[in-house]
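# Understanding the architecture of this molecule
Here is what each chain is made of, one letter per residue.
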Amino acid sequence: MTAKPDSSKMEYRYLGPTGLRVSVVSWGNWVNNANDQLTVDSVKFCLEHGINFFDTANCYNQGTSEIFLGKSLKKYAKREDVVIATKVRFNEGELSAEAIERECNASLKRLDTTYIDLYIIHRYDYKHPYEETMKALDKLVKEGKVKAL
């Protein structure tokens, strides 16, 4: 059973120039990934209260948080009705082009989606040139794997 976020209970704003319309409250999936059922129940509650913006990261609980979030959203929402943000950085290769591509593909698989709405650099990487990082991120946008950075 899918449920569209109840917009009568929430205020929304556009996230800068991205075109993404997000609830002013987002749900972060770092601590709340203790188990699959807790995530399912939390996501359902969020959707019932108009929250459409869900945030996680590739490194939270070794990727398990992305898996739990993806399953929960599949159960209760249509993909086009939610905004998913995830992050990259705390992984082998940090923000190298190879690592970014690998980690994005892994996040897509764990989240069980074809695109990420907002892909966030979790922290600056002093080991790799920022040009390499930005080219890799731009490539993901051009490939349709990421909507906004």
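Residues numbered from 1 in each chain as written. Predicted model: local features only at pLDDT ≥ 70, side-chain atom pairs only at ≥ 80, totals over all residues. Heavy atoms only, no water.

Let us now look at the nonpolar core. Counting residues in hydrophobic clusters, the biggest one holds 27 residues, and the most contacted among them are F54 and Y119. Leave out the neighbours within four places in its chain, and F54 touches W27, V43, C46, L47, L69, L73, V82, V83, I84 and A85. Core analysis: the next-biggest nonpolar cluster, separate from the first, contains seven residues, L20, F53, V83 and L118 among them. (Core = buried A, V, L, I, M, F, W, Y, C linked by side-chain atoms within 4.5 Å. Buried < 20%, exposed > 50% of the residue type's maximum accessible area, 1.4 Å probe, protein only. Contact = heavy atoms within 4.5 Å.)

Tallied over the entire structure, the rule returns two aromatic pairs. Ring geometry for Y124 against Y126: centres 4.8 Å apart, planes inclined by 70 degrees, an arrangement best described as edge-to-face. Across from the ring centre of Y115, 4.0 Å away, lies the NZ or CZ of R79, which sits over that ring. The side chain of R89 reaches across the aromatic face of F90, ending 5.0 Å from its centre. (Phe/Tyr/Trp six-rings, centres within 6.5 Å; stacked < 30°, edge-to-face > 60°. Lys NZ or Arg CZ within 6 Å of the ring centre and 35° of its normal.)

The subject of this paragraph is the sheet that holds strand 6 (residues 116-121). Strands sit in the order 3-4-5-6-7 across an open sheet of five strands; the sheet is parallel. Strands with a single pairing partner mark the edges of an open sheet, and in this sheet they are strand 3 (26-28) and strand 7 (146-148). Adjacent strand axes in the sheet meet at a mean angle of 35 degrees when their direction is disregarded. Alignment of strand 6 against strand 7, held across two bridges, turns out to be parallel. Residue L118 lies in a different strand from strand 7, and its bridge partner there is A148. Against the sheet, helix 1 (residues 36-48) engages strand 3 and strand 4 (53-55), with an angle of about 170 degrees to strand 3. Against the sheet, helix 3 (residues 97-111) engages strand 5 (83-88), strand 6 and strand 7, with an angle of about 135 degrees to strand 6. (Pairing = 2+ DSSP bridges. Helix = DSSP H or I, 4+ residues; strand = E, 2+ residues; numbered from the N terminus. Axes fitted to C-alpha atoms, helices over the stretch in contact; angles between N-to-C directions.)

Another point: the environment of L140. Along the chain, the position of L140 falls in helix 4 (residues 130-142). The class for L140 is buried, based on a relative accessible area of 2%. Considering only alpha carbons, one finds L140 and C59, 81 residues apart in sequence, at a separation of 19 Å. Those residues within four positions of L140 in sequence are excluded, and the remaining contacts are I100, C104, Y119, K145 and V146.

For the structure shown, the criterion picks out 15 salt bridges. Here D36 and K71 are joined by a salt bridge, their closest N and O atoms 3.3 Å apart. Here D36, found in helix 1, pairs with K71, found in helix 2 (residues 64-76); they are 35 residues apart in sequence, far enough to count as distant. Close ionic contact of K87 with D55 constitutes a salt bridge, the shortest N to O distance being 2.6 Å. With K87 in strand 5 and D55 in strand 4, the pair connects residues that are 32 residues apart, well separated along the chain. With relative accessibility at 9%, the residue K87 sits in the buried group. Through salt bridges with shared partners, one network takes in E101, K139, E143 and K145. (Salt bridge = Lys/Arg side-chain N within 4 Å of Asp/Glu carboxyl O.)

Right, let's get into the side chain of N52. Inspection of the secondary structure puts N52 in the loop between helix 1 and strand 4. Only 2.9 Å separates the side chain of N52 from the backbone oxygen of R21, close enough to count as a polar contact. In terms of polar contacts, N52 uses its side chain to reach the backbone amide nitrogen of S23, at 2.7 Å. (Polar contact = N/O pair within 3.5 Å; in protein donor to acceptor, adjacent residues only side chain to side chain.)

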